[in-house]
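Here is what each chain is made of, one letter per residue.
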Amino acid sequence: AQSVAQPEDQVNVAEGNPLTVKCTYSVSGNPYLFWYVQYPNRGLQFLLKYITGDNLVKGSYGFEAEFNKSQTSFHLKKPSALVSDSALYFCAVRDFDTGGFKTIFGAGTRLFVKA
Amino acid sequence: SQTIHQWPATLVQPVGSPLSLECTVEGTSNPNLYWYRQAAGRGLQLLFYSVGIGQISSEVPQNLSASRPQDRQFILSSKKLLLSDSGFYLCACTGTGGTLNTEAFFGQGTRLTVV
């Protein structure tokens, strides 16, 4: 079965420092991986995705993620965190076990950036 | 790109009352449509998804139902609300049926409180 795990409930980082939000996945074939961000009382917003190609994917708001097949990871990174990056982040994988129509979301990681 | 319109933003309903949440999509045709519920600001639970008009797949047995009367309209309903139906409901869409590498677009959500 396809699955995605976010091992950290919360990540704390100081403004200006680099940030990493971790994600690992388990799929039976080639993974289609996504990162989304959610601000309070809002819907999720798409940040970036890996489908194929370069392992380093760049996305919105200065975020990037590195696909690592050997470690089955897709960690979200940003070189310099902003207070406004504080939000809930979701890693997700397309569920091909059920035809690809569904997306499996991780439990979410809350990022706090302190000024 | 797609735009999801979801309303109302907040709703307070008494136990036993009916529910109707509506979601409409702009900017695409024949989208896959989804209803999620998010409890306590964390993980997403997929409730229903639809790959076409009149086609509804239910993920979990519950007090809710969904309908898709038009290509870009998705409705979440209940005949009698329970306290446990409280939560943050999100409508989402992905690209047309065979485009499995597309990201999901989310509405702004409806916060339902059953009292």
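Read on for a plain summary of the structure. (Residues numbered from 1 in each chain as written. Chains lettered and ligands numbered in written order. Predicted model: local features only at pLDDT ≥ 70, side-chain atom pairs only at ≥ 80, totals over all residues. Heavy atoms only, no water.)

**Focus on the pairing of strand β1 (residues 3–7) of chain B**
Residues and elements named next belong to chain B.
Step number 1: Because side chains alternate across β1, one face comprises the buried residues Ile4 and Gln6, and the other comprises Thr3, His5 and Trp7, none of which is buried.
Step number 2: The sheet contact formed by β1 and strand β3 (residues 19–26) spans five bridges and is antiparallel. Residue pairing in the sheet places Trp7 in a bridge with Glu22 of β3. (Buried < 20%, exposed > 50% of the residue type's maximum accessible area, 1.4 Å probe, protein only. Helix = DSSP H or I, 4+ residues; strand = E, 2+ residues; numbered from the N terminus. Pairing = 2+ DSSP bridges.)

**Here's the deal with unusual backbone geometry**
Step number 1: In the segment running from Trp7 of chain B into Pro8 of chain B, the intervening peptide bond is cis, with an omega of 0°.
Step number 2: Note on placement: Pro8 of chain B falls in the loop between β1 and β2 (10–13).
Step number 3: A positive phi angle is found at Tyr61 of chain A, which is not glycine, with a value near 60°.
Step number 4: Tracing the chain through its elements places Tyr61 of chain A in the loop between β7 (56–58) and β8 (64–68).

**So, the nonpolar core**
Step number 1: Among the nonpolar cores identified, the biggest contains 26 residues, and Trp35, Leu47, Leu48, Phe74, Leu76 and Tyr89 of chain A are the most heavily contacted of them.
Step number 2: Secondary-structure elements contributing two or more residues to this core are β2 (10–14), β3 (19–21), β5 (33–38), β6 (44–50), β8, β9 (73–78), β10 (87–95) and β12 (109–114) of chain A.
Step number 3: Ranked by the residues each element gives to this core, the list is headed by β10 of chain A, at four residues.
Step number 4: Formed by 20 residues, the second largest nonpolar core is a distinct cluster that contains Leu11, Leu21, Val25 and Leu33 of chain B. (Core = buried A, V, L, I, M, F, W, Y, C linked by side-chain atoms within 4.5 Å.)

**Quick look at the packing of aromatic side chains**
Step number 1: By the definition in use, this model includes 14 aromatic pairs over all chains.
Step number 2: With a centroid separation of 6.2 Å and 25° between ring planes, the pair formed by Tyr34 of chain B and Tyr49 of chain B is classed as stacked. Of the two residues, Tyr34 of chain B is situated in strand β4 (residues 31–38) and Tyr49 of chain B in strand β5 (residues 44–52); the sequence distance between them amounts to 15 residues.
Step number 3: Given a relative accessible area of 2%, Tyr34 of chain B falls into the buried group.
Step number 4: With a centroid separation of 5.8 Å and an interplanar angle of 35°, the aromatic rings of Tyr36 of chain B and Phe106 of chain B are classed as tilted. A residue pair is termed long-range when its members are at least 10 positions apart, and Tyr36 of chain B in strand β4 and Phe106 of chain B in strand β10 (residues 105–106) qualify at 70 residues.
Step number 5: Counting every residue linked through ring pairs, the aromatic cluster contains Phe34, Tyr36, Phe46, Phe90 and Phe105 of chain A together with Tyr34, Tyr36, Tyr49 and Phe106 of chain B. (Phe/Tyr/Trp six-rings, centres within 6.5 Å; stacked < 30°, edge-to-face > 60°.)

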